[in-house]
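The residues making up each chain are set out below.
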Amino acid sequence: MDFSLTKEEQELYEKAKTFTKEHITPKAHELEKKDEFPADVVQKAYEAGLMNLHIPKEAGGPGMSLLAETFVSEATGYGCAGIATSIMCNNLAFAPLVIGATIDQLKKYVQPLITEKEPKFGGFCLTERKAGSDAAGVATRAERDGDEYIINGTKCFITNGPQSSLFTVFASTQPELKHKGLSVFMVPKQKGVKIGHIENKMGQLNSVQSEVIFEDVRVPQDCLVGKEGEGFKIAMMTLDKTRAGIAAIATGVAQRALDEAARFANIRHQFGKPIGRFQGISFKLADMGARVAAARLLTRYAAWLADRDLPVSKDSSYAKFFASDAAMENATDAVQIMGGYGYLSEYPVEKLMRDAKLLQIYEGTNEVQRLVAGGAILKDSINLDTGFHVEYDGKDAPTF
Ligand SMILES: Cc1cc2nc3c(=O)[nH]c(=O)nc-3n(C[C@H](O)[C@H](O)[C@H](O)COP(=O)(O)OP(=O)(O)OC[C@H]3O[C@@H](n4cnc5c(N)ncnc54)[C@H](O)[C@@H]3O)c2cc1C
């Protein structure tokens, strides 16, 4: 296994680190107070080539590996998880199309968006008020009418919703079939597509989420991605891949929390010495460092598997829940290490704590990630031979 990048990808990673230092980290706190879409930074990120990395070359994109994408997401996440989410959201929105659409569909609907002078955005529309973790329960309907589909329904929590020109919409074509009746459509912004309530959040204030309402929206047949009934499968394949991106942003947050806490522990003196010299603090730093290292490796391993089309479901779930838990724990520890200063909004770490919380929730909560991973472990273990032979249902052994 080799996590090294190509020359082109390595250059992009270096660019992402410099971009973060110059344009994200110094501005993130100030921008957060405005609680709006960070249009200026995102425009610069687009010009620097940090967006739409996964779009294949045949459809006008850079065709970068998922591994490279995780390096870039970690770098931008280090500066601000909210800005990283705004920049990287197209990766989620367009991933179902890269997975399920034909190159001709990508050329027609996605290529024009990624080759414009100004950045254009996609909205990934799965969640509804009554269908969150239970994605198969969506009520949005798509009904066939001649060679068109008519879409009706309301989605919520849609990242970059108000900014989006193209929506990837999961809608039921046969509700009686539950998840097997779910289909996915590309829906360009048009009459009948409305932006509803803007969600008010605890953290990641440098990203915007809204309801997106579809009222009798007509799309031609070639807006269907894959076949009717393939929506749930495409959604799961998408999230298997994109979870590594969230894990990467989380790794960036976890690293930032460690760096800020370590810097403070070196310069803050109490009882006549730097607080970092107290074992209680240095042990915390050691645990934080180990979490970052483990999160990074799990993330890169998941991306490496996905790039080779190897089974990745379990490992991307590990990466997502471990890295986001690491981000939350490291942010909480950093606040503790910085004492009262950690709690003040003038200092960097209280924002990290608010931002980290979301990483445990969106793109599949960490409970759902554990369901995926736990289910895979049980499945893998059915025919497992550990070398120690005992009949669990035998005469002298416990029966279950
Ligand atoms: C800021 C933000 C951005 C988002 N961006 C998008 C986006 O761009 N597009 C989009 O479609 N969605 C988006 N989401 C939605 C997000 O993916 C959902 O919030 C998430 O999947 C959880 O769904 P829910 O909020 O309805 O919680 P619920 O599914 O109602 O879960 C509530 C609680 O129950 C737990 N739970 C549920 N089922 C189980 C189970 N079987 N076993 C154990 N525990 C369980 C959950 O883990 C959670 O703790 C976003 C959300 C937020 C907050």
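Model, not experiment: these values are computed from the prediction.

Caption draft 1: Just the nonpolar core, in detail. Among the nonpolar cores identified, the biggest contains 72 residues, and Leu50, Ile83, Ile87, Leu285, Met288, Ile337 and Leu359 are the most heavily contacted of them. Sort the elements by how many residues they give to this core and helix α8 (residues 231–267) lands first, with 12 residues. Apart from residues no more than four positions distant in its own chain, Leu50 is found in contact with Leu12, Ala16, Phe19, Ala45, Val72, Ile87 and Met88. If you look at the next biggest cluster of nonpolar residues, it comprises 43 residues, including Ala93, Leu97, Tyr109 and Ala235.

Caption draft 2: Seen up close, the packing of helix α10 (residues 313–337) against helix α12 (residues 349–359). Packing of α10 against α12 brings their axes to within 8 Å, and their N-to-C directions diverge by 160°. In terms of orientation, α10 and α12 fall into the roughly antiparallel class. In this structure, α10 crosses over α12, and the sense of that crossing is left-handed. Contact residues: α10 offers Lys320, Ser324, Ala327, Met328, Ala331, Thr332, Ala334 and Val335, while α12 offers Val349, Glu350, Leu352, Met353, Ala356, Lys357 and Leu359. Across the contact of α10 with α12, the residue classes tally to 10 nonpolar, 2 polar and 3 charged.

Caption draft 3: Region of the structure containing the site of the ligand. In the vicinity of the ligand lie 17 residues, with Phe124, Thr127, Ser133, Thr365 and Glu367 positioned nearest. Between the ligand and Phe157, the relevant distance is 2.8 Å, taken from a nitrogen atom to a main-chain nitrogen or oxygen of the residue. Within the side chain of Thr159, one N or O atom sits 2.9 Å away from a nitrogen atom of the ligand. If the ligand stood free it would expose 970 Å²; the protein chains cover 66% of that surface. Elements supplying a minimum of two residues to the shell around the ligand: β3 (148–159) and α13 (366–381).

Caption draft 4: Summary view of the packing of helix α4 (residues 66–79) against helix α9 (residues 279–307). One way to put it is that α4 packs onto α9 with a least axis distance of 8 Å and a crossing angle of 150°. One element, α4, and the other, α9, form an angle in the roughly antiparallel class. Two secondary-structure elements touch here, α4 through Leu66, Leu67, Thr70, Phe71 and Glu74 and α9 through Arg296, Thr299, Arg300, Ala303, Ala306 and Asp307. A breakdown of the residues in the contact of α4 with α9 according to their chemical character gives 5 nonpolar, 2 polar and 4 charged.

Caption draft 5: A look at the pattern of salt bridges. By the definition in use, this model includes 24 salt bridges. One salt bridge in this structure joins Glu211 and Arg129, with 3.3 Å as the shortest N-O distance. Of the two residues, Glu211 sits in strand β7 (residues 209–220) while Arg129 sits in the loop between β1 (121–125) and β2 (141–145), which places them 82 residues apart along the sequence. Judged by relative accessible area, Glu211 falls into the buried class, the value being 16%.

Caption draft 6: Highlighting a nonpolar patch on the surface. A cluster of nonpolar side chains, Tyr341, Leu344 and Tyr347, forms an exposed patch at the surface whose accessible area comes to about 250 Å². Turning to its location among the elements, Tyr347 is positioned in the loop between α11 (339–342) and α12.

Caption draft 7: Spotlight on the packing of aromatic side chains. This model, assessed by the stated rule, comprises 10 aromatic pairs. Ring geometry for Phe37 against Phe121: centres 5.2 Å apart, planes inclined by 85°, an arrangement best described as edge-to-face. You can see Phe37 sitting in the loop between α2 (28–34) and α3 (39–47) and its partner Phe121 sitting in strand β1, a full 84 residues away along the chain. Across this residue pair, the class does not change: Phe37 and Phe121 are buried.

Caption draft 8: Focus on unusual backbone geometry. The backbone of Asn52 shows a phi angle near 60°, a positive value even though the residue is not glycine. Note that Asn52 resides in the loop between α3 and α4. The backbone of Phe271 shows a phi angle near 50°, a positive value even though the residue is not glycine. Of note, Phe271 is situated in the loop between β9 (269–270) and β10 (273–274).

Caption draft 9: Representation of the pairing of β3. Pairing between β2 and β3: 5 bridges, direction antiparallel. When the sheet's bridge partners are listed, Arg141 is paired in β3 with Asn152. Here β2 folds back onto β3, and the loop between the two strands holds 2 residues, one of which, Gly146, carries a positive phi near 65°. Pairing geometry for β3 and β7, over 9 bridges, is antiparallel. Bridge pairing links Lys155 to Val212 in β7.

Caption draft 10: Representation of α3 within the structure. Taken as a whole, α3 has its buried residues at Val41, Val42, Gln43, Ala45 and Tyr46. At its buried positions, α3 is contacted by α1 (7–24), α2, α5 (81–100), α7 (111–114) and β1. Residue Gly49 follows α3 closely and has a positive phi angle near 80°.

Analysis parameters
- Residues numbered from 1 in each chain as written.
- Predicted model: local features only at pLDDT ≥ 70, side-chain atom pairs only at ≥ 80, totals over all residues.
- Heavy atoms only, no water.
- Core = buried A, V, L, I, M, F, W, Y, C linked by side-chain atoms within 4.5 Å.
- Buried < 20%, exposed > 50% of the residue type's maximum accessible area, 1.4 Å probe, protein only.
- Helix = DSSP H or I, 4+ residues; strand = E, 2+ residues; numbered from the N terminus.
- Contact = heavy atoms within 4.5 Å.
- Axes fitted to C-alpha atoms, helices over the stretch in contact; angles between N-to-C directions.
- Parallel < 35°, antiparallel > 145°, perpendicular 65-115°, else oblique.
- Left-handed = near helix turned anticlockwise from the far one by under 90°.
- Nonpolar A, V, L, I, M, F, W, Y, C, P; charged D, E, K, R; others polar.
- Near = heavy atom within 4 Å.
- Polar contact = N/O pair within 3.5 Å; in protein donor to acceptor, adjacent residues only side chain to side chain.
- Areas by Shrake-Rupley, 256 points an atom, 1.4 Å probe, with all protein chains shown as cover.
- Salt bridge = Lys/Arg side-chain N within 4 Å of Asp/Glu carboxyl O.
- Patch = residues over 30% accessible without salt bridge, like charges linked within 9 Å, V, L, I, M, F, W, Y side chains within 5 Å.
- Phe/Tyr/Trp six-rings, centres within 6.5 Å; stacked < 30°, edge-to-face > 60°.
- Pairing = 2+ DSSP bridges.

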